[in-house]
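Here's the letter readout for the chains.
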Amino acid sequence: MGNGYSSARGHRGLDLTDASPIENLAGVIEKHLDPFGVTTSILNAQAAWLTHPQELTRAMTALSGDIVALQTHVMRRAMGFESEDVVTPHEDDTRFADPVWKDSATWDIIKETYLAFTHRLEDMCYETPGLSDKDRRRAAFWFRKWLNAVAPTNFFWLNPVAMRKFVDSKGESLRTGMKYLMRDVQAKNVRMVEEDAFVVGKDLATTPGTVVFRNRMLELIHYAPTTDKVHKTPLVIVTPWINKYYILDLTAKKSMVRWLTDQGFSVFITSWKNPTAEMSNTTFDDYLRDGVDAVVRFVCELHKVPQVALAAYCIGGTLVSTYMAWANRHYGPKKMPVACWTLFTTLTDFSKPGDIEVFIDEGSIHSLEQSMAKKGYLDGSEMASSFRLLRSNSLIWHYFVNSYLYGEPLPAFDVLFWNMDTTRMPQAMHSYYLREMYLNNNLMKRDALTIAGEPIDLDRITQPLYAVTAEDDHIAPWRQCYRIRKYVNVAAQVRFVLSTSGHILGIVNPPVNPPKRSFWVGEPERNEHFEHWFDRAEQKPGSWWEDWVAWMRPKCGPMVAPLSPEAADYPALCPAPGTYVLEK
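Residues numbered from 1 in each chain as written. Predicted model: local features only at pLDDT ≥ 70, side-chain atom pairs only at ≥ 80, totals over all residues. Heavy atoms only, no water.

## A short note on the packing of aromatic side chains
Line of reasoning, step 1. Enumeration according to the criterion identifies 42 aromatic pairs in this entry.
Line of reasoning, step 2. Considering the side-chain rings of Trp142 and Phe359, the 5.9 Å spacing of their centres and the 85° angle between planes classify their relative orientation as edge-to-face. Of this pair, Trp142 sits in helix H6 (residues 133-149) while Phe359 sits in the loop between strand S7 (338-344) and helix H12 (362-375), and the two are 217 residues apart along the sequence.
Line of reasoning, step 3. Residue class for Trp142 comes out buried when judged on its relative accessible area of 5%.
Line of reasoning, step 4. With a centroid separation of 5.6 Å and an interplanar angle of 75°, the aromatic rings of Trp478 and Phe530 are classed as edge-to-face. On the criterion of sequence distance, the pair formed by Trp478 in helix H17 (residues 478-481) and Phe530 in helix H19 (residues 530-536) is long-range, its members being 52 residues apart. Across this residue pair, the class does not change: Trp478 and Phe530 are buried.
Line of reasoning, step 5. Three or more aromatic residues link up through ring pairs in this structure, and these residues are Trp259, Tyr313, Phe344, Tyr466, Trp544, Trp545, Trp548 and Trp551.
Line of reasoning, step 6. The residue whose ring lies beneath Arg424 is Tyr377, and the NZ or CZ to ring-centre distance is 5.5 Å. (Phe/Tyr/Trp six-rings, centres within 6.5 Å; stacked < 30°, edge-to-face > 60°. Helix = DSSP H or I, 4+ residues; strand = E, 2+ residues; numbered from the N terminus. Buried < 20%, exposed > 50% of the residue type's maximum accessible area, 1.4 Å probe, protein only. Lys NZ or Arg CZ within 6 Å of the ring centre and 35° of its normal.)

Structural data, given as structure tokens:
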């Protein structure tokens, strides 16, 4: 060229700025066959390594070091000598918990070979040069799923425990396992619990109460008081509509609502309708206006009080966060119908939502929208499968091995039964939620969303907030949940709790003696970093439920006579657990 420079495109007809053939192939496959990047994310990572030979050389050198250490370990074990493991299984990894994987040289070598290669290959995915952090995490996620699938424990001839059980039972374990396999093939699912293990209303969701309100979106249950007097301000709990409400009313010993009524609160809880194709056009606005706002206004009128205490869980918490911003603008500070509010494991900033981000990009959402357009909803089993993939070893392969290879019956575990009792997501609402919350992260942006006629600005929220998170939560990571402190108004009092355990058991955490769990609690400043908050937070043994109740009592007013279900004007529709919870 006349200016002395040449472009890559003009050099011998080659366009060096274009993607490589491998990248082009991966793009075509991802668009048409693999919108979630199950294989294409790994192909992209491989292509990136091939185009960075220096980094690949360093990675291969590190891998060769692992191989040398593994060979030394193999030789020592083969000759009968003790040898330290090259790679120690993570404390949460129970696949190799049986002593045979340590005591037998043969099985120890198989275990160590698998772990050494899988750990190094996963590390390589996270270190892939030339990819964004999100693409690296996506490749690592799906590669980890493939590696989990080929673990030696998943194959009969590579699982010494399965072979031992086969011999001890004279083949009965494998025969029973085949029966369980046929059962699950018919169900099109790897079961975690038998579908008839519990009966809702008989074994679960048994706290006495009455459905007092019903519309096309939900039923509202009011629990019968168990104390002579209750706090004047009632408590309304908004549950997630991804699952059924009774996670907060499992057995009597685990029931949050039963415990709250025993503490002198008038407790209400939402039970959402399981959407059908006829509800495909139901929007997020409908969930706010005909869901949260409708029950808040109803409870205020029923109790003849100006305000309620509001609590919400997971996606229900995201809805309530939106509602709080909406109500502060819609009603104004003098008529605001909520005195204080509580969030359980709730995201309001979706910039780093954890492993679930592998399902969140334009291609993935477009594919889901096409699927929903055919049915009018996202089926609950599809949602459940996505969440099970996040923890595939414990939620898929554990049951694969125990059921099919060991022939063991499924445990009757109430939380797993609830987890399998799935619900559907209406097309319009779910598409909006995925795009505006997860993909565009618009909830934390001032006035970026307009819902039910009002621009949404979390900074308008001034009411006291009690926010609970869980240390091992893989659905709503606690560090991301912590960011709610940054977005609500600086005048809002915020008490933040970090409980041990995960997304479910960190919340379904009743007080017991001796304590099973513990929690950290403190009141963060608006722009205080989570590490600084954690360093000064107070760690307490036991359940955060007692701390929460102590926080709510002064905000819920004096003790008064409870509503009487026997009163002539009491709006009893049917006994709890109602009808919507039983819909399949």
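Back to the text.
## So, the pairing of strand S12 (residues 465-470)
Line of reasoning, step 1. Here S12 lies mainly inside the structure; six of its six residues are buried.
Line of reasoning, step 2. Side chains Leu465, Ala467 and Thr469 of S12 all project onto a buried face; the interleaved residues Tyr466, Val468 and Ala470 project onto the opposite face, where all are buried too.
Line of reasoning, step 3. Of the pairings in the sheet, the one linking S7 to S12 comprises four bridges and is parallel in character. Directly across from Leu343, in S12, lies its bridge partner Ala467.
Line of reasoning, step 4. Direction of pairing for S12 relative to strand S13 (residues 494-499): parallel, over a ladder of six bridges. Looking at the pairing, Tyr466 lines up with Arg495 of S13. (Pairing = 2+ DSSP bridges.)

## Quick look at the state of the cysteines
Line of reasoning, step 1. Scanning all chains against the criterion turns up zero disulfides.
Line of reasoning, step 2. Of all cysteine sulfurs, the one in Cys556 lies closest to Cys300, which takes part in no disulfide; the gap is 12 Å. (Disulfide = S-S within 2.5 Å.)

## Details of the sheet that holds S7
Paired through their backbone hydrogen bonds, the strands of a sheet run either parallel or antiparallel.
Line of reasoning, step 1. The strand order S15-S14-S13-S12-S7-S6-S4-S5-S2-S1-S17 describes an open sheet built from 11 strands, whose pairing is mixed. One side of each edge strand has no neighbouring strand; the edge strands of this open sheet are strand S15 (538-541) and strand S17 (574-575).
Line of reasoning, step 2. As paired elements, strand S4 (residues 235-238) and strand S5 (residues 267-272) share three bridges and run parallel to each other. Its bridge partner lying in S5, Leu235 is registered against Val267.
Line of reasoning, step 3. In the packing of helix H20 (residues 545-552) onto the sheet, contacts are made with S4, strand S6 (308-313), S7, S12, S13, strand S14 (518-522) and S15, and the angle to S7 comes to roughly 165°. (Contact = heavy atoms within 4.5 Å. Axes fitted to C-alpha atoms, helices over the stretch in contact; angles between N-to-C directions.)

## Focus on H20
Line of reasoning, step 1. Buried residues dominate H20, accounting for six of its eight residues.
Line of reasoning, step 2. Among all positions of H20, only Trp545, Asp547, Trp548, Val549, Trp551 and Met552 are buried.

## Topic: the nonpolar core
Line of reasoning, step 1. One finds Trp241, Leu310, Tyr323, Met324 and Trp341 to be the most contacted residues of the largest nonpolar core, which totals 107 residues.
Line of reasoning, step 2. Sort the elements by how many residues they give to this core and helix H10 (residues 284-303) lands first, with 11 residues.
Line of reasoning, step 3. In this view, Trp241 contacts Trp272, Phe284, Tyr287, Ile315, Gly316, Leu319, Thr423, Arg424, Met425 and Met429; residues no more than four positions away in its chain are not counted.
Line of reasoning, step 4. In terms of nonpolar packing, the next biggest core, distinct from the first, is built from 56 residues, Cys314, Val468, Ile504 and Ala576 among them. (Core = buried A, V, L, I, M, F, W, Y, C linked by side-chain atoms within 4.5 Å.)

## Details of unusual backbone geometry
Line of reasoning, step 1. Backbone torsion omega between Asn513 and Pro514 reads 5°, so that peptide bond is classified as cis.
Line of reasoning, step 2. With respect to the helices, strands and loops of the structure, Pro514 is situated in the loop between S13 and S14.
Line of reasoning, step 3. For the peptide bond that leads from Ala576 to Pro577, omega is 15°, which places it in the cis range.
Line of reasoning, step 4. Note that Pro577 resides in the segment after S17.
Line of reasoning, step 5. Backbone geometry places Lys188, a non-glycine residue, at a positive phi of 55°.
Line of reasoning, step 6. The residue Lys188 is located in the loop between helix H8 (172-187) and strand S1 (209-214) in this model.
Line of reasoning, step 7. Positive phi outside glycine occurs at Ala452, with the angle close to 50°.
Line of reasoning, step 8. Structurally, Ala452 can be placed in the loop between strand S10 (450-451) and strand S11 (454-455).
Line of reasoning, step 9. Look at Ala452 and you get buried, because its relative accessible area is 15%.

Honestly, it's all geometry; don't read function into it.
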